[in-house]
Amino acid sequence: MFARLSLPRLLLHLEGLFVFAAAIAAFAHLGGNGWLFAALLLVPDLSALGYFVNKEVGSVMYNAAHTYTGPGVLLAVGLAMQQPLVVLIALIWLAHIGMDRTVGYGLKYPSAFKDTHLQRV
């Protein structure tokens, strides 16, 4: 059953959709390879392996890989150093986070993997 969708939650989902679409559009505009996109799109989810240690480590690792800060810094570095591959990787990472937010996966609380800032999954 769907969780009740409040206006703030709706805005966060729409924000994720915008980031997802914008990252894909930028990737395509820059001539990024579709195979590279497909191969790397789910890589940030490897951060969930931290849950094998414990919930606290898992949530820290997952959140570190699922905030816009990391790919934003990587994008800035790639642009500043004129490194197209770095820019493309940052865009894939941004697309992943946007995709997750669009479908309701948010940042994790250390209480449980399913407890997120958007909802209980």
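Only a predicted model underlies this, so the values are computations on that prediction, with no experimental measurement involved.

Q: What am I meant to see in the nonpolar core here?
A: In globular proteins that are soluble, nonpolar side chains generally tend to be buried together. Counting residues in hydrophobic clusters, the biggest one holds eleven residues: Val 19, Ala 23, Phe 27, Phe 37, Leu 41, Val 87, Leu 88, Leu 91, Ile 92, Leu 94 and Ala 95. Elements with a minimum of two residues in this core: helix H1 (7-29) and helix H5 (84-103). At six residues, H5 tops the list of elements feeding residues into this core. If we skip the residues at most four places from it in the chain, Val 19 touches Tyr 68, Leu 94 and Gly 98.

Q: Looking at this structure, I do not really get H1. What am I missing?
A: Between its first and last C-alpha atoms H1 spans 32 Å; for 23 residues at 1.5 Å apiece the expected length is 33 Å, and the two agree. Lining the buried residues of H1 we find helix H2 (34-40) and H5. Taken from the residues just after H1, Gly 31 is the one with a positive phi, measuring 80°.

Q: Help me understand the packing of aromatic side chains, please; the structure alone is not making it clear to me.
A: The geometry of an aromatic ring pair comes down to the distance between the two centres and the angle between the two planes. Counted according to the given criterion, the structure contains one aromatic pair. Note that Arg 101 overlies the ring of Tyr 68, its terminal NZ or CZ placed 5.7 Å from the centroid. Cation over ring: Lys 108 sits above Tyr 62, and NZ or CZ is 4.7 Å from the ring centre.

Criteria and cut-off values
Residues numbered from 1 in each chain as written. Predicted model: local features only at pLDDT ≥ 70, side-chain atom pairs only at ≥ 80, totals over all residues. Heavy atoms only, no water. Core = buried A, V, L, I, M, F, W, Y, C linked by side-chain atoms within 4.5 Å. Buried < 20%, exposed > 50% of the residue type's maximum accessible area, 1.4 Å probe, protein only. Helix = DSSP H or I, 4+ residues; strand = E, 2+ residues; numbered from the N terminus. Contact = heavy atoms within 4.5 Å. Expected span 1.5 Å × (residues − 1). Phe/Tyr/Trp six-rings, centres within 6.5 Å; stacked < 30°, edge-to-face > 60°. Lys NZ or Arg CZ within 6 Å of the ring centre and 35° of its normal.

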